[in-house]
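# Survey of secondary and tertiary structure
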Amino acid sequence: HGNKATYPRLSDVLGFCTPDQAVMVAEATVKVQRDHGERENRKHARLKYTVEDMGLDLFRPKVEELCGFKLGQGRPFKFNTNADPYGWAQNE
């Protein structure tokens, strides 16, 4: 498409939350995107650009403020596959 203003971006580790905190963190993340994300340019209206524009050092405290707690330090993780084990599978 040749638009240099749009680009792929790897994710950043925001922090660690427990499973019972995950919905609160997700809701807070969406609210930060709603309040600080791009409104004029639809091609720039994605979370990856909001995090890139704000920087993780500003984005994380906004999420934590809405959650009412601090996120833990990110923990190591490893993906063993990129398959979707919960989706439709042939021959099942």
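Our subject is the structure that appears above.
Fair warning: this is a prediction, and the values are worked out from it, not measured in the lab. (Residues numbered from 1 in each chain as written. Predicted model: local features only at pLDDT ≥ 70, side-chain atom pairs only at ≥ 80, totals over all residues. Heavy atoms only, no water.)

All right, on to helix 2 (residues 47-54) then. Every buried residue belonging to helix 2 is among Tyr49, Thr50, Val51 and Met54, and all of these are buried. Where helix 2 terminates, the next one or two residues include Gly55, which has phi positive at roughly 90 degrees. (Buried < 20%, exposed > 50% of the residue type's maximum accessible area, 1.4 Å probe, protein only. Helix = DSSP H or I, 4+ residues; strand = E, 2+ residues; numbered from the N terminus.)

All right, on to the pattern of salt bridges then. Counted under the stated rule, the structure contains 4 salt bridges. A salt bridge links Arg9 to Glu52, with the shortest nitrogen-to-oxygen separation between them at 2.4 Å. One end of the pair, Arg9, is in the segment before helix 1 (22-36); the other, Glu52, is in helix 2, and 43 residues separate them in sequence. Here the salt bridges do not stand alone but share partners, grouping Arg9, Asp12 and Glu52 into one network. (Salt bridge = Lys/Arg side-chain N within 4 Å of Asp/Glu carboxyl O.)

Attention now moves to the packing of aromatic side chains. By the definition in use, this model includes 2 aromatic pairs. Seen from their ring centres, Tyr7 and Tyr49 are 5.1 Å apart, and the 80 degrees between their planes marks the pair as edge-to-face. In this pair, Tyr7 is assigned in the segment before helix 1 and Tyr49 in helix 2, connecting sequence segments 42 residues apart. Here Tyr7 falls in the partly exposed class, since its relative accessible area comes to 28%. Judged by relative accessible area, Tyr49 falls into the buried class, the value being 2%. Seen from their ring centres, Phe77 and Phe79 are 5.6 Å apart, and the 75 degrees between their planes marks the pair as edge-to-face. A relative accessible area of 67% means that Phe79 is categorised as exposed. A cation over an aromatic ring shows up here: Arg75 above the ring of Phe16, its NZ or CZ 3.6 Å from the ring centre. (Phe/Tyr/Trp six-rings, centres within 6.5 Å; stacked < 30°, edge-to-face > 60°. Lys NZ or Arg CZ within 6 Å of the ring centre and 35° of its normal.)

Leu14, Val25, Ala28, Val32, Val51, Met54, Leu56, Phe59, Val63, Cys67, Phe69 and Leu71 together form the largest nonpolar core, which totals 12 residues. Listed by contribution, the elements that provide at least two residues to this core are helix 1, helix 2 and helix 3 (56-67). Take this core: its biggest share by element is 4 residues, from helix 3. Excluding its chain neighbours within four sequence positions, the residues that come into contact with Phe69 are Gln21, Met24, Val25 and Glu64. (Core = buried A, V, L, I, M, F, W, Y, C linked by side-chain atoms within 4.5 Å. Contact = heavy atoms within 4.5 Å.)

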